[in-house]
Amino acid sequence: MYKVQDGDIQYIKKLPENYSPNAQYPVLIFFHGAGSRGDDLENLITNPFFSYNKSDILNGIIYAPLCTEDTWFDMMERIHRFIDRVINRDDTDKNRVYLMGASMGGYAVWQLAMSCPDKFAAIVPICGGGMYWNAGRLKNMSIWAFHGREDNVVLCQESEKMVENVNRAGGNALLTIYNHIGHDCWNYVYDSEELFEWLSKCKNTIHSHENKYGSSELFG
């Protein structure tokens, strides 16, 4: 992993094994939750996301920006510029750019996707929420959301409302709810081979992915 200062954004970058600058790779941009905020990238390196290696299934490039403000919404303009720089890199497969985020980062993922739905092949919002009345903008995007049923920090209904409104508009969003699990359901998500295998198949040029999973209730 590399620590990078890119203009007004600090981030961690992780390259796939056998990386070549002459190839193009899927890109996963990860948005952390409130616990990793600050101006020290060391706090982000210890985020649970980096404790698991299932993201290696993507064989892609991972970018994890650091929130140096109170919330991601306080630096949205900077994040949009950062995403554009990432997408325009020669080693980025522009048809396979993904967003993932947990809690505060889950809210950021929903908002970023609704702001520019044409840029992303798929999103994975974890225990987040958003402006559900605007979720119809995501009807052509691959989405797999996750939440803990016993979450008392961000209520599970937040994810349910977002997914419900995407699908009401004609989308095919997935929602997995972990019963008997609270806010930290992200540990199950980061350790899911099934999720990253699904994500690796999502492309921006194919907007209609078969939903073989459906909404599910998992027992933790």
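See above for the structure.
Residues numbered from 1 in each chain as written. Predicted model: local features only at pLDDT ≥ 70, side-chain atom pairs only at ≥ 80, totals over all residues. Heavy atoms only, no water.

### Details of the packing of aromatic side chains
Counted by the stated rule, this structure contains 15 aromatic pairs. Between Trp144 and Trp198, the aromatic rings sit 5.5 Å apart at their centres with planes inclined by 85°, giving edge-to-face as the arrangement. Note that Trp144 is positioned in strand β7 (residues 142-148) and Trp198 in helix α6 (residues 193-200), a separation of 54 residues in sequence. Connected via pairs of aromatic rings, a cluster forms that spans Phe30, Phe49, Phe50, Tyr52 and Tyr190. (Phe/Tyr/Trp six-rings, centres within 6.5 Å; stacked < 30°, edge-to-face > 60°. Helix = DSSP H or I, 4+ residues; strand = E, 2+ residues; numbered from the N terminus.)

### Side note on the pairing of strand β6 (residues 122-126)
The element β6 is extensively covered by neighbouring structure, given that five of its five residues are classed as buried. Judged from the five bridges that link them, strand β5 (residues 92-102) and β6 form a sheet pairing that is parallel. By the bridge assignment for β6, Leu99 is matched with Ile123. In this fold, β5 hands off to helix α3 (residues 104-115), which returns the chain to β6; that crossover is right-handed. Bridging between β6 and β7 involves three bridges; their strand directions are parallel. Looking across to β7, one finds that Ile123 is bridged to Ile143. (Buried < 20%, exposed > 50% of the residue type's maximum accessible area, 1.4 Å probe, protein only. Pairing = 2+ DSSP bridges. Right-handed = clockwise from strand over helix to strand, strands pointing away.)

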